Amino acid sequence: MEKFGFLSFGHYGNVQGSRVRTAGDMLKQTIELAEGADEIGVNGAYVRVHHFAKQAASPVPLLTAMAARTKHIEVGTGVIDMRYENPLYLAEELAALDLIADQRIAIGISRGSPETAVRGYETFGYTGAEDPRGADLARAKFDEFLRAIDGEGLVEADTRMAPPGYLAIEPQSPGLRDRIWWGAGSRASAEDVGRMGLNLMSSTLLTEATGQSFDVLQREQIELFRAAYKEAGHTRTPRVSVSRSVFPIMNEQDNLYFGIRGQESSDQIGIIDGYRSTFGKTYAAEPDKLIEQLLADEAVMAADTLMLTIPNQLGPEYNLHVLESFAKHVAPALGWKPNWEG
């Protein structure tokens, strides 16, 4: 593990205990959190994307503001739901973001997670999926998105306005494909990512349950991804991220929030999207114990980037405390390098 960042689910709501009551609160606090994390040396600031829910939904304006207010930190998503996207417009937006951010982006994309709406993407105008979960629709659109960011000519030029031939979308940002990740929820899908030559983004769950511990199952997923990447003839060194809930217990407040949860936490088996799935545990302990636990987590040590899922409802001040505690007391023992070093 060389890098770590925070992953915010972007929750907001007028509920007891939340410091994030409105969408405006969430957006402004996420920018504030990115600024503070950048100063600490945190490597990445990533946001989840959900529709028809009180969570972050339109990531590019938010990421653009985050990039404009920071110097070193990478900004990105975990993940954009491709079912809801116009692939060519997304290609234009992300190229512009990449140029504004000086290539400090890591954009995770996937079919998307289970949502509050029934086939909500159809309400956005994207119909025709034969898969009830829309996976076929997402993959076809993603293929078109990749062609667009690779600069392929997609539409015939009007010779009254341009030379004969086919036109690519603009702007183009060279090397943007190298900063695109696919969120894979299984070992088989990770192999697909490797064959496509993209980066792998793996979450706190896998839609598989083999009896193995979550970290071992995820480490196998990473190995299969890297093998498929190499076998496909790609020569770049791909990146891999995994997500974990990790809370250093530094004071009584930390202990009240997460101490008991950490003591009782273990891998869980459940059903998601109809698949029997394995969910990773929460880590919450004093720094020396966290170091021991995370060094033993095979997937964390196999990945280059660790995304810490944060309780954004508790506000920027508390979450910066969590990130700074991890940066000072845990991350160096895992191989971490601050953002100004790489």
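Residues numbered from 1 in each chain as written. Predicted model: local features only at pLDDT ≥ 70, side-chain atom pairs only at ≥ 80, totals over all residues. Heavy atoms only, no water.

Draft legend 1. Inspection of the overall build of the chain at higher detail. On a plain count of helices and strands, the chain comes out with eleven helices and 14 strands. Compactness check: the chain gives a C-alpha radius of gyration of 20 Å against a globular reference of 20 Å for 342 residues, within 12% of the reference. Principal axes of the C-alpha set define a box for the chain whose edges measure 70 × 40 × 40 Å. The buried share of the chain, taken over its 342 residues, is 51%. Contacts in the chain between residues at least 24 apart in sequence constitute 72% of all its contacts with a sequence separation of at least 6. Between the centroid of the 33 positive side chains of the chain and the centroid of its 47 negative side chains there is a distance of 1 Å. (Helix = DSSP H or I, 4+ residues; strand = E, 2+ residues; numbered from the N terminus. Rg over C-alpha atoms; globule rule 2.2 N^0.38 Å. Buried < 20%, exposed > 50% of the residue type's maximum accessible area, 1.4 Å probe, protein only. Contact = heavy atoms within 4.5 Å. Lys, Arg positive; Asp, Glu negative; His and termini not counted. Charge placed at Lys NZ, Arg CZ, Asp CG, Glu CD.)

Draft legend 2. A look at the pairing of strand β1 (residues 3–8). With respect to burial, β1 is a largely interior element, five of its six residues being buried. Of the strand pairs in this sheet, β1 and strand β14 (residues 305–310) are connected by six bridges, and their pairing is parallel. Along β14, the bridge assignment pairs Gly-5 with Met-307. When β1 meets strand β2 (residues 44–47), the two strands line up parallel, connected through four bridges. When the sheet's bridge partners are listed, Ser-8 is paired in β2 with Val-47. For the crossover from β1 across helix α1 (residues 23–40) to β2, the handedness is right-handed. (Pairing = 2+ DSSP bridges. Right-handed = clockwise from strand over helix to strand, strands pointing away.)

Draft legend 3. Just the packing of helix α3 (residues 87–100) against helix α5 (residues 135–149), in detail. Between α3 and α5, whose axes approach to 8 Å, the crossing angle comes to 40 degrees. As the angle between them shows, α3 and α5 are arranged oblique. When the axes of α3 and α5 are compared, the crossing they make is right-handed. Across from Pro-87, Leu-88, Leu-90, Ala-91 and Leu-94 in α3, the residues of α5 making contact are Lys-141, Glu-144, Phe-145, Ala-148 and Ile-149. Its residues placed into classes, the contact of α3 with α5 shows eight nonpolar, no polar and two charged. (Axes fitted to C-alpha atoms, helices over the stretch in contact; angles between N-to-C directions. Parallel < 35°, antiparallel > 145°, perpendicular 65-115°, else oblique. Left-handed = near helix turned anticlockwise from the far one by under 90°. Nonpolar A, V, L, I, M, F, W, Y, C, P; charged D, E, K, R; others polar.)

Draft legend 4. How the structure looks around the nonpolar core. In this structure, Phe-4, Ile-109, Phe-142, Phe-145 and Phe-326 are the most contacted members of the largest nonpolar core, which totals 71 residues. Here this core gets six residues from one element, more than from any other, and that element is α5. Beyond its immediate stretch of four places on either side in the chain, Phe-4 contacts Val-42, Asn-43, Gly-44, Leu-306, Leu-308, Leu-323, Phe-326, Ala-327, Ala-331 and Trp-336. (Core = buried A, V, L, I, M, F, W, Y, C linked by side-chain atoms within 4.5 Å.)

Draft legend 5. Region of interest: the environment of Val-300. Position of Val-300 relative to the elements: it lies in helix α10 (residues 298–302). Note on Val-300: relative accessible area 0%, which makes it buried. When the C-alpha positions of Val-300 and Ser-245 are compared, they lie 12 Å apart, and in sequence the two are 55 residues distant. Setting aside chain neighbours within four positions, we find Val-300 in contact with Met-1, Val-242, Arg-244, Leu-294 and Leu-306.

Draft legend 6. Broad picture of the pairing of strand β3 (residues 74–81). Most of β3 is tucked away: eight of the eight residues are buried. In terms of strand pairing, β2 meets β3 through four bridges, oriented parallel. Note on β3: the bridge partner recorded for Ala-45 is Val-75. Once you follow β2 into helix α2 (residues 59–68) and on to β3, the crossover reads as right-handed. Bridge analysis of β3 against strand β4 (residues 105–110) gives five bridges, and the strand direction is parallel. Paired with Ile-80 across the bridge in β4 is Ile-109.

Draft legend 7. Region of the structure containing helix α7 (residues 214–231). Compared with the 26 Å implied by 1.5 Å per residue over 18 residues, the 26 Å span of α7 between its first and last C-alpha is a close match. Residue Gly-233 follows α7 closely and has a positive phi angle near 95 degrees. (Expected span 1.5 Å × (residues − 1).)

Draft legend 8. Representation of the side chain of Asp-297. Structurally, Asp-297 is set in the loop between α9 (287–295) and α10. Accessibility expressed as a relative area gives 1% for Asp-297, which makes it buried. Of note is the side chain of Asp-297, whose polar atom sits 3.0 Å from the side chain of Arg-244. (Polar contact = N/O pair within 3.5 Å; in protein donor to acceptor, adjacent residues only side chain to side chain.)

Draft legend 9. Up close: the environment of Gln-29. As for its position among the elements, Gln-29 is in helix α1. Residue class for Gln-29 comes out buried when judged on its relative accessible area of 17%. Spatially, the C-alpha atom of Gln-29 lies 25 Å from that of Arg-179, the residues being 150 residues apart in sequence. Other than its neighbours up to four places away in sequence, Gln-29 contacts Arg-19, Val-20, Asn-312, Gly-315 and Pro-316.

Draft legend 10. Region of interest: the packing of aromatic side chains. If you walk through the whole model with that rule in mind, you get 13 aromatic pairs. Their ring planes at 25 degrees and their centres at 5.9 Å tell us that Phe-142 and Phe-145 sit as a pair that is stacked. With a gap of three residues between them, Phe-142 and Phe-145 both fall in helix α5, about one helical turn apart. Summarising the burial analysis for this pair, Phe-142 and Phe-145 share the class buried. Here the aromatic cluster, defined as three or more aromatic residues joined through ring pairs, consists of Phe-52, Tyr-84, Tyr-121 and Phe-124. Across from the ring centre of Phe-9, 4.4 Å away, lies the NZ or CZ of Arg-48, which sits over that ring. (Phe/Tyr/Trp six-rings, centres within 6.5 Å; stacked < 30°, edge-to-face > 60°. Lys NZ or Arg CZ within 6 Å of the ring centre and 35° of its normal.)

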